[in-house]
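Geometric and topological summary
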There are 2 protein chains.
Amino acid sequence: MKVVTTIREVREQVNAWRQADNSIGLVPTMGFLHEGHQSLMQAAKQDNQKVIVTIFVNPIQFGPSEDLASYPRDLERDKIACEQVGVDLIFCPDASEMYSPNFNSYVDVNELTEALCGKRRPGHFKGVCTVVTKLFNIAQPDRAYFGQKDAQQLAVIKRMVTDLNFNIEIIGCPIVRESDGLAKSSRNSYLSESERVAAVCLYQAIECAKAMIYKGEKSVNVITQAMQELISKQPLAKVDYIEFVDLATLKSVDLLAQDSLCALAVYIGKTRLIDNFIYQHD
Amino acid sequence: MKVVTTIREVREQVNAWRQADNSIGLVPTMGFLHEGHQSLMQAAKQDNQKVIVTIFVNPIQFGPSEDLASYPRDLERDKIACEQVGVDLIFCPDASEMYSPNFNSYVDVNELTEALCGKRRPGHFKGVCTVVTKLFNIAQPDRAYFGQKDAQQLAVIKRMVTDLNFNIEIIGCPIVRESDGLAKSSRNSYLSESERVAAVCLYQAIECAKAMIYKGEKSVNVITQAMQELISKQPLAKVDYIEFVDLATLKSVDLLAQDSLCALAVYIGKTRLIDNFIYQHD
């Protein structure tokens, strides 16, 4: 496994692989890798001859009051996590390698980015689309892998790739959970012991919603209220949003329908966690 | 020479060329081709084994009050112009092939697009950057060719390619002129006989500026005023702007310096024409 920090080195490796007709899978990450990331790498490994993991805490997708400075980093542990899965190349650039002082070009998706997390984190998805475009152009992969946990991000990236004609297949991979149901996330490392216990309420709310839906409930209002109530029993938790939206448009729905996405963001103490599920039957 | 209208057909041809290790040059145009475009194709032909010309009047780079509907089109003549130069592939899609009803992704460059034409044509360069990104991703060329006549466009595209790490070399080609000095432009076809005569005032203003500079004048104010006066003698002409800017930043300069760009836009009747020159010595 190679670990490189410059765009030039990635290009050289990619050119060599292309010359040898190797397919390339890309897994863009912000590092502090967990089993969720590793499941993306495994999928990439299965579909492609070579796998590139990028590790870059992208400053332009963080708002001024967000956790850029404190975002967890551990490159040495990340290298081991990549090695375990048989990753071929890690690209872990500095911010200065990715953004020159004259940098001034941005990629953005309208509408899809105005819902859910986009509404609460202005500029976030513009930062994501821009860095993902850069990573696509640097690594020129055949396929790129994103977690379904970031459901809005996955929808936005798919829209961008279709609209801008990137010749890349986007593959969404299922949420990986801890044994108690908490979705794996690098931000879980922020949680104190008591917060970690409280954090399971996101998953419990999802299970509660699924049970209601299984029994025939279709009203988004009714389901959302039950989820809200369940979470409000947890004193360390504060709901940012719970929403049901159409998976394609991310527009709110009042009644559960084919391909509804239920997404929620909840503060556990100061840590903002997200989770979601997709209702695919009508 | 092949002429295709779908993205799929371009991808198939590009894949075949890539398999055969052919280099590809791209000349993006809006058609109604003239010797200016042909000089780009010739440059592309010299540098690359295969040349793709795209002909697409891109709706999203026109403002609501601009000339999208009347923009001149003549595909049959354009095919001959491409054939003459030995172009390998023309891609001339419909708007519906390029923009699906759900299209919602955009590429934009800040600051550089706020000067000169960008100030007068809000959204124009966002439309240009977006379609050029799409064409880059569809044709995946090694090199792409743009005319120096659209100096701001060239600067913006170069910035975008650097910032977003497109693996493409951008090549600017010199302005091609009519025998009286008028810069070749598809929009020259709008001009009536008397307007065509009047239109030479842009070139005359440039020649006047160059003569003043040759004699040692450095004050942008003094030079601009002389250009303005020269053009104002022409009753069919109305200056939109005459500006001297730094070639890298497109910020206004007061005194002529290394790499100053003098750009002007002038209405001749209802037709807006642009021209420019670069002052490269200090």
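Once a new chain begins, its residue numbering starts again from 1 and follows that chain's sequence as written. Each chain is given a letter, starting from A, and each ligand a number, starting from 1, according to the order in which they appear as written. In keeping with the predicted nature of the model, local features appear solely for residues at pLDDT of at least 70, side-chain atom pairs appear and are counted solely at 80 or more, and the whole-chain, interface and lining totals rest on all residues. With hydrogens and water set aside, each side-chain value is computed from the structure's full complement of heavy atoms.

Attention now goes to the overall build of chain A. A tally of regular secondary structure across chain A gives 10 helices and 10 strands. Radius of gyration means the value over C-alpha atoms here, while the globule rule gives 2.2 Å times the residue count to the 0.38 power. By the compact-globule yardstick of 19 Å for 282 residues, chain A fits well, its C-alpha radius of gyration being 19 Å. Seen along its three principal axes, the alpha-carbon backbone of chain A occupies a region of about 55 × 40 × 40 Å. The buried label applies to any residue whose accessible area, calculated with a 1.4 Å probe on protein chains only, is under 20% of its type's maximum; exposed applies above 50%, and partly exposed to all values in between. Looking at chain A as a whole, 57% of its 282 residues are labelled buried. Of the contacts made within chain A by residues no fewer than 6 positions apart, 72% connect residues no fewer than 24 positions apart. Residue-level accessible areas treat just the shown protein chains as cover; the underlying method is Shrake-Rupley with a 1.4 Å probe. When the accessible surface of chain A is split by element, carbon and sulfur atoms take 48% of a total near 12400 Å². Within this scheme the basic residues Lys and Arg register as positive and the acidic residues Asp and Glu register as negative, but His and the chain ends are omitted. The location of each charge is read from NZ of Lys, CZ of Arg, CG of Asp or CD of Glu. Side-chain charges of chain A comprise 30 positive and 35 negative groups, with the mean position of each set lying 1 Å from the other. What counts as a helix is a DSSP run of H or I of at least four residues, what counts as a strand is a run of E of at least two, and both are numbered from the N terminus. We call two residues contacting when some pair of their heavy atoms lies within 4.5 Å.

Next up on the list: the packing of helix 2 (residues 35–47) of chain A against helix 3 (residues 75–85) of chain A. Helices that pack against each other are described as a pair by the angle of their axes relative to one another and the distance between those axes. All names here are of chain A. At a minimum axis separation of 9 Å, helix 2 and helix 3 run at an interaxial angle of 35°. The chirality of how helix 2 crosses helix 3 is right-handed. Packed against helix 2, whose contacting residues are Gln38, Met41, Gln42 and Lys45, the element helix 3 presents Ala81, Cys82, Gln84 and Val85 at the interface. Each residue is assigned to one of three groups, with Ala, Val, Leu, Ile, Met, Phe, Trp, Tyr, Cys and Pro labelled nonpolar, Asp, Glu, Lys and Arg labelled charged, and all others, Gly among them, labelled polar. Classifying every residue of the contact of helix 2 with helix 3 gives 4 nonpolar, 3 polar and 1 charged. Angles here are taken between N-to-C directions and fall from 0 to 180 degrees, while the axes themselves are lines fitted to C-alpha atoms, restricted in helices to the stretch in contact. Each crossing gets its handedness from the near helix: less than a right angle anticlockwise from the far helix is left-handed, clockwise is right-handed.

With that settled, the discussion passes to the UniProt feature "binding site: beta-alanine" (unreviewed entry) in chain A. Residues and elements named next belong to chain A. UniProt positions are given in the numbering used here, feature names are shortened, and annotations may be inferred rather than shown by experiment. The sites that UniProt annotates as "binding site: beta-alanine" (unreviewed entry) are Gln61. Examined against the element boundaries, Gln61 turns out to sit in the loop between strand 3 (50–55) and helix 3. Ignoring sequence-local partners within four residues, the contact set of Gln61 consists of Met30, Glu66, Arg121, His124, Gly127, Val128 and Val131.

Bringing the interface of chain B and chain A into the picture now. Where the parts come together, the accessible area they lose is often given as the size of the interface. At the junction of the two partners, chain B supplies 28 residues and chain A supplies 28 residues. Note on definitions: buried area is the accessible-area loss of two parts on being combined, 1.4 Å probe, summed for both. Summing the contributions of chain B and of chain A, the shared interface buries around 2400 Å²; its carbon and sulfur component is 38%. By the criterion of area lost to chain A, the three top residues of chain B are Asn104(B), Leu164(B) and Asn165(B), representing 25% of everything that side buries. What counts as a salt bridge is simple: a side-chain nitrogen of Lys or Arg found within 4 Å of a carboxyl oxygen of Asp or Glu. Joining chain B to chain A, the criterion identifies 0 salt bridges. Here a polar contact means two N or O atoms within 3.5 Å. Within protein one must be a hydrogen donor candidate and the other an acceptor candidate, and residues neighboring in sequence count only if both atoms are side-chain atoms. Summed over the shared surface of chain B and chain A, the number is 20 residue pairs in polar contact (both at pLDDT 80 or more). Every element with two or more residues in the side of chain B that touches chain A is listed here: helix 1 (7–19), strand 5 (105–109), helix 6 (124–139) and helix 7 (151–163) of chain B. Here the side of chain B that touches chain A is composed, by residue class, of 9 nonpolar, 12 polar and 7 charged. A pair of strands is treated as paired once DSSP finds two or more bridges between them. Here strand 5 (residues 105–109) of chain A runs beside strand 5 of chain B; their pairing, made up of 5 bridges, is antiparallel.

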